Amino acid sequence: MLATEFAEQAISGSVSITEHTAKIIEEAKKANSEYHFFTAIAEKEAMQRAKELEALARQKKAKGKLFGVPISVKDAICVKGIESRGGSKILSGYRPLFNATSIQKLLDEGAIIIGKTSQDEFGFGSFSKNIGIGFEKPLNPFDKKRVCGGSSGGCAGFAQKTQCAHISLGESTGGSIACPASFCGAFGFTPTYGRVSRYGLIDYASSLDKIGAISKNPEDAETMVRIISGKDPKESTTMGQPEYAQARPPKKYSAGIIKEFLGEGISQEARKAAESFVESLEKQGIETKEVSLPLLAKYGLAAYYILAATEASTNLAKYCGMRYGLEERLEGGFDEYFTKIRTNSLGSEAKLRIIMGTFARMSGFREAYYLKAAKARTKIIQEYREAFKKADFLVNPTMPIIAPTFEEAERLSPMQNYAMDLCTVPANLAGMPHYSANTGTHKGMPIGIMVTANHFEEAKLFDFAKKTNFAKKTGAK
Ligand code: GLN
């Protein structure tokens, strides 16, 4: 059932919000013991809210597009009173005194927050295996030996697994919504940078972070994204909503297939799935053509990892055991104290990113790395703009492979690991809205297709997703 349909029934009183909430909490607890999708399940708070909403429905005072709809939230997004750690030990015990803007907007529409989901520490990864110290890795709902994808792995795993009306609130810096959606057979939508407020997000890289939705279908994601969008006085990079483009009949759309993302580094199964998606577009009368975006493929990864690590290293400086989360006995000088706390409570990938990022922004290296990467990013945005003169949408396999096993993922070197983001990073770097939808299977595992549109063309993108989501829908047992 779609979230909006559930909300209508909850408002009319034809479904019981408390029963539904209790059911999804039970489901979450059971799934968590097997798959580790959650870092915290907010049972008490969710049941309390369900009771309050049900009382409103009884008094005929109920309203809201998500009235009674359960929402799971990536750990990096602050929820008042619920431990929010961004998947890191260093934020142990941090219970925000406020809600992120996106959370407040969902609550204003009657949503129920059911818990925080597993992720790579601070978003550093593509498999949800770089989890913080003391956390558990989420397992793929189709095969527990395989990864969920990352970094919003818990969101996608649970969105796939649940049988209840539900939407997950995720976040992407360089692909963290599309990647897990692809690996778990879910629908993942990342809005234009600036469309959704980042206020209350535990940031990874501020010029790249975007809050978005993971769900079973485009309709639910659209409901969520429309609610959380908009200018926020608390967040200066947010934009008001430019006019939403009008929906069009499929025959009026054109799609460009990115040539560079069908070649080297892409597995045969990912390529075949993308090709058959393109064929199905043609059958629907949608014009398709091959387009070449050489800069994306050549500089995307390098520029992204320099910018992301640089910003992350500054954003993480505030986690030092004094202002948020973990504290230890104050002994020695500041340097000794900070070093001790950070050594003991940050995982190895976080340390690697801090060192890499700090190096890239050191005086003398800034021009060589950071500023060059920023220039490459501008060039990539220009290349996208040119491509969108030729086609409404750009299409590519979301990930080069199906979800790897943990064993396979562990064998990858850091460089091979980063190369997994080849196709997802450019759209994130350029701040372009995009989604990943399921388009086929291989060895029983889902394969995602990624579709990107120009800045602020969310409406067009959702329209396309709904019209072309002949999704060979997959469902985990
Ligand atoms: N895999 C990418 C990284 O590690 C992107 C992760 C993300 O979007 N948070 O940086």
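Whatever comes next refers back to the structure up there.
Conventions we followed
Residues numbered from 1 in each chain as written. Predicted model: local features only at pLDDT ≥ 70, side-chain atom pairs only at ≥ 80, totals over all residues. Near = placed C-beta within 6 Å. Nonpolar A, V, L, I, M, F, W, Y, C, P; charged D, E, K, R; others polar. Buried ≥ 20, exposed ≤ 12 C-beta atoms within 10 Å, placed from the backbone. Helix = DSSP H or I, 4+ residues; strand = E, 2+ residues; numbered from the N terminus. Pairing = 2+ DSSP bridges. Axes fitted to C-alpha atoms, helices over the stretch in contact; angles between N-to-C directions. Contact = placed C-beta atoms within 7 Å.

A. Spotlight on the site of the ligand. Taken together, 13 residues form the shell around the ligand, and within it G123, S126, T173, G174 and S176 come nearest. Across the shell around the ligand, the residue classes tally to three nonpolar, nine polar and one charged.

B. Region of interest: the pairing of strand β11 (residues 393–397). Burial within β11 is extensive, with five of its five residues counted as buried. Direction of pairing for strand β9 (residues 254–258) relative to β11: parallel, over a ladder of three bridges. Its bridge partner lying in β11, A255 is registered against F393. By the bridge criterion, four bridges tie β11 to strand β13 (residues 445–452) in an arrangement that is antiparallel. Looking at the pairing, N396 lines up with M450 of β13.

C. Region of interest: the sheet that holds strand β8 (residues 210–215). One open sheet holds the eleven strands; their spatial order is β1-β3-β2-β6-β8-β7-β12-β13-β11-β9-β10, and the pairing between them is mixed. The sheet is open, and its two borders are formed by β1 (38–41) and β10 (287–291), each paired with just one other strand. This sheet shows a mean twist of 30° between the axes of neighbouring strands, independent of strand direction. Of the pairings in the sheet, the one linking strand β7 (residues 187–190) to β8 comprises three bridges and is antiparallel in character. Its bridge partner being in β8, F187 is matched across the sheet by S215. Each of β6 (167–172), β7 and β8 is contacted by helix α7 (residues 218–228), which is oriented at about 150° to β8, the strand it contacts most.

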